[in-house]
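Commentary on secondary and tertiary structure
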Amino acid sequence: MKVGLFIPCYINQLYPQVGVATLELLEKLGVEVDYPMGQTCCGQPLGNSGYEEDSKGACQLFVENFKAYDYIVGPSGSCVYHVKKHFDILEQTDAVKKVRNNTYELCQFIYKVLGRTDIGASFPFKVGIHKSCHGLRGLRLGSCSERMDDPYSTEESLLKEVKSLELKTLNRADECCGFGGTFSVFEEAISVKMGKDRIQDHIDSDVEVITGADHSCLMHLEGLINRNNQPLKVMHIAEILNSTM
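Residues numbered from 1 in each chain as written. Predicted model: local features only at pLDDT ≥ 70, side-chain atom pairs only at ≥ 80, totals over all residues. Heavy atoms only, no water.

Right, let's get into the pattern of salt bridges. Inspection of the entire model under this criterion finds 13 salt bridges. One salt bridge in this structure joins K193 and D197, with 2.8 Å as the shortest N-O distance. Taken together, the positions of K193 and D197, both in helix α11 (residues 188-204) and four residues apart, correspond to about one turn of that helix. Each of R172, E175, R198 and D201 takes part in salt bridges that share partners, so that together they form one network. (Salt bridge = Lys/Arg side-chain N within 4 Å of Asp/Glu carboxyl O. Helix = DSSP H or I, 4+ residues; strand = E, 2+ residues; numbered from the N terminus.)

Structure representation (structure tokens):
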């Protein structure tokens, strides 16, 4: 298979180490990876802000950049969900349908497409997972507490196989962090309070490193942690799965 690597804007600009870790991890797993240099934003910020019609150009360009690949893989649940769910605003050509069907979040791709759990990683720390809403409730990367489903978690399945990693259980394992993209701008006070609640849950659970599949949520939590000088480190799950400490 040939995979097109989709690196979201904020990761490209602010957390390039996550993009590097994603590439290295996929190559370790024997995947042929290509990075289309013409890729830009997937259109999610415009869509989330009510300018869906204005996002069509970005969405169509995404399709043009990635339509030749067997799979498109990105380290972001929210951006991947946008491609799969909200590219319905485009004319549903064969290329659009192919891109929507074959775009995967990184953990989802490793677990469901490659069928792997143990990928040889080692990370000797106490880890708590932040399960982002788009990944959990949109892509169904795990079961939700509000549904009567059998419990499962794609992220947990991968992290449980990481050598020396101690996965901690949170009190409210699937609660929103309050980021929500532009929600954190328009409803700052509520967003901050929700973020602080999530951080306290990790602290109460003796977590050393918070991880997750959406660095937008992690960025929100990391900002609060840094401003309050709290004893927690934040890392994207790709960095942990690519670690050999």
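Residues given the UniProt feature "domain: Cysteine-rich" (unreviewed entry) here are residues 3-83 and 127-221. The straight-line gap between the two end C-alpha atoms of residues 3-83 is 16 Å; of that span, 52% is helix and 12% is strand. Across residues 127-221, the secondary structure splits into 42% helix and 9% strand, with the terminal C-alpha atoms separated by 15 Å. (UniProt positions renumbered as here; feature names shortened; annotations may be inferred.)

Once that is clear, we can look at the environment of H236. Along the polypeptide, H236 turns up in strand β8 (residues 233-236). For the pair H236 and V18, spaced 218 residues apart in sequence, the C-alpha to C-alpha distance is 6.6 Å. H236 has contacts with V18, P75, T211, G212, A213, D214, H215 and L218, leaving out every residue within four places of it along the chain. A distance of 3.0 Å separates a polar atom in the side chain of H236 from the backbone oxygen of P75. (Contact = heavy atoms within 4.5 Å. Polar contact = N/O pair within 3.5 Å; in protein donor to acceptor, adjacent residues only side chain to side chain.)

The subject of this paragraph is the sheet that holds strand β3 (residues 71-74). Within the open sheet, the four strands sit side by side as β2-β1-β3-β4. Their pairing is parallel. This sheet does not close on itself; its edge strands, each paired only once, are β2 (32-34) and β4 (103-105). Looking at each pair of strands side by side, their axes are set apart by 35° on average, direction ignored. As judged from the three bridges shared by strand β1 (residues 2-5) and β2, these two strands associate in the parallel manner. Paired with K2 across the bridge in β2 is E32. (Pairing = 2+ DSSP bridges. Axes fitted to C-alpha atoms, helices over the stretch in contact; angles between N-to-C directions.)

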